[in-house]
Amino acid sequence: MADLAPRGTDALQAGSGEGPDALAVSGLTHRIGGRVILDQVEFVVPAGRLVTLLGPNGAGKTTLLSLVTRLYTAQQGEIRVFGHDVRKESSAALSQMGVVFQQRAIDPDLTARQNLAYHAALHGLSPRRARDRIAAELGRMGLTKDADRKIRTLSGGESRRIEIARALLHDPRLLLCDEATVGLDLRSRADILADIRGLVRERGVAVLWATHLIDEVEAEDLVVVLHRGRVLRQGRARDIVAALGADGLNDAFRRITEAAA
Ligand code: ADP
Ligand code: MG
């Protein structure tokens with residue numbers, strides 16, 4: 001029978017690259033109202049890599065991201081961003097991080113540019129730097145022509161891309177995306193994911209991509225399978241499938257979660 005131990009030789013081990021990992025989570029346990037939501041979670045996002053945090057609704061993805069971004073404080077365990085402990089050195093850790101939340105978090109009555117400028121000011125960018133970065137990110141996203149439209153007049157995909165542009169304004173080296181493509185049509189989903197992969201390839205941004213959509217995973221991607229608060233598997237998607245003798249990632253995911261039920 002296939003080995004379903006949570007960690008093995010394919011684990012995303014800390015210190016696998018040069019310099020500190022973009023994100024290193026160890027021994028992370030979190031309870032809400034006495035219920036264990038995350039149970040001894042452990043994984044890394046190597047610098048300059050994309051890691052998919054794959055788990056069904058209720059797995060604990062958003063809770064995990066809330067702990068990384070310090071919305072909640074971890075009760076047990078450690079979270080480091082480029083070596084900085086998010087609890088003890090939160091500003092050093094947070095300044096390296098950009099976040100796209102699961103819930104829309106953008107003012108519909110402001111224009112794209114106004115939303116971006118507000119965020120840039122929050123991050124302490126000078127007006128000139130803010131102007132340059134906003135122009136650069138809107139240009140990269142192909143949204144320059146929409147800069148002065150109110151968010152409520154944009155499509156779901158366009159407004160999501162503005163949120164991604166916003167998360168990148170301060171040039172973070174780690175981007176956290178929580179179900180960033182949910183509710184979008186296939187084309188918009190594919191465009192956004194292609195753009196994120198481009199960021200990783202061309203700018204060396206590390207990405208934690210939280211999703212319940214298995215079809216967003218490619219064979220060479222690093223994957224952390226989270227289920228009911230526990231990491232059931234982690235490693236390269238291709239290796240996880242091969243180790244289980246599974247017929248593709250859908251089959252592998254089904255076997256992993258059924259074995260844990
Ligand atoms: P995911 O993002 O993977 O769908 P969540 O992190 O949102 O998962 O939720 C994980 C589990 O924690 C779920 O069972 C959810 O009901 C529970 N949970 C999350 N936030 C709260 C909260 N504030 N109060 C009670 N339960 C919560
Ligand atoms: Mg969620």
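Every value quoted in this text rests on a predicted model; they were computed, and no experiment measured them.

**Student:** Break down the domain arrangement of the protein for me, citing the residues and quoting the values.
**Tutor:** Domain boundaries in the protein define domain 1 (1-96 + 176-261) and domain 2 (108-171). Listed by partner, the interface residues are 12 residues for domain 1 and 12 residues for domain 2. Taking both sides of the interface into account, the surface hidden between domain 1 and domain 2 amounts to around 920 Å²; carbon and sulfur atoms contribute 56%. Taken as a group, Ile 192, Asp 195 and Arg 203 account for 45% of the area that domain 1 buries against domain 2, more than any other trio of residues on that side. Our enumeration of links across domain 1 and domain 2 arrives at 3 salt bridges. A salt bridge links Asp 171 to Arg 203, with the nearest nitrogen and oxygen atoms 3.4 Å apart. Across the contact surface, domain 1 and domain 2 share 4 residue pairs in polar contact (both at pLDDT 80 or more). The element best represented in the side of domain 1 that touches domain 2 is helix H6 (residues 186-203), accounting for 6 residues. Of the residues contributing to the side of domain 1 that touches domain 2, the split by class is 5 nonpolar, 3 polar and 4 charged.

**Student:** Can you tell me about the site of ligand 1, naming the residues and giving the values?
**Tutor:** All residues adjacent to ligand 1 are Ile 32, Arg 35, Ile 37, Pro 56, Asn 57, Gly 58, Ala 59, Gly 60, Lys 61, Thr 62 and Thr 63. Contact between ligand 1 and Ala 59: an oxygen atom at 3.2 Å from a main-chain N or O atom of the residue. Within the side chain of Thr 63, a nitrogen or oxygen atom sits 2.6 Å from an oxygen atom of ligand 1. Protein contacts shield 62% of the accessible area of ligand 1, which totals 570 Å² for the unbound molecule.

**Student:** Outline the sheet that holds strand E1 (residues 23-32), supporting the account with residue identities and numerical values.
**Tutor:** Taking strand neighbours across the sheet as the criterion, the 4 strands line up as E2-E1-E4-E5 in an open arrangement whose pairing is antiparallel. In this open sheet, the two strands that pair with only one neighbour each are strand E2 (35-45) and strand E5 (84-85). Examined bridge by bridge, E1 and strand E4 (residues 76-81) share 5 bridges and lie antiparallel to one another. By the bridge assignment, Val 25 is partnered in E4 with Ile 79.

**Student:** I'd like to hear about the pattern of salt bridges, residue by residue, with values.
**Tutor:** Scanning the entire structure with this criterion turns up 28 salt bridges. Between Arg 189 and Asp 215 there is a salt bridge, with the nearest N and O atoms lying 2.8 Å from each other. Here Arg 189 is found in helix H6, whereas its partner Asp 215 is found in the loop between strand E8 (206-211) and strand E9 (222-227), with 26 residues between them in sequence. By relative accessible area, which is 14% here, Arg 189 ends up buried.

Rules used throughout
Residues numbered from 1 in each chain as written. Chains lettered and ligands numbered in written order. Predicted model: local features only at pLDDT ≥ 70, side-chain atom pairs only at ≥ 80, totals over all residues. Heavy atoms only, no water. Domains from an automatic or database assignment. Contact = heavy atoms within 4.5 Å. Buried area = accessible area lost by both parts, 1.4 Å probe. Salt bridge = Lys/Arg side-chain N within 4 Å of Asp/Glu carboxyl O. Polar contact = N/O pair within 3.5 Å; in protein donor to acceptor, adjacent residues only side chain to side chain. Helix = DSSP H or I, 4+ residues; strand = E, 2+ residues; numbered from the N terminus. Nonpolar A, V, L, I, M, F, W, Y, C, P; charged D, E, K, R; others polar. Near = heavy atom within 4 Å. Areas by Shrake-Rupley, 256 points an atom, 1.4 Å probe, with all protein chains shown as cover. Pairing = 2+ DSSP bridges. Buried < 20%, exposed > 50% of the residue type's maximum accessible area, 1.4 Å probe, protein only.

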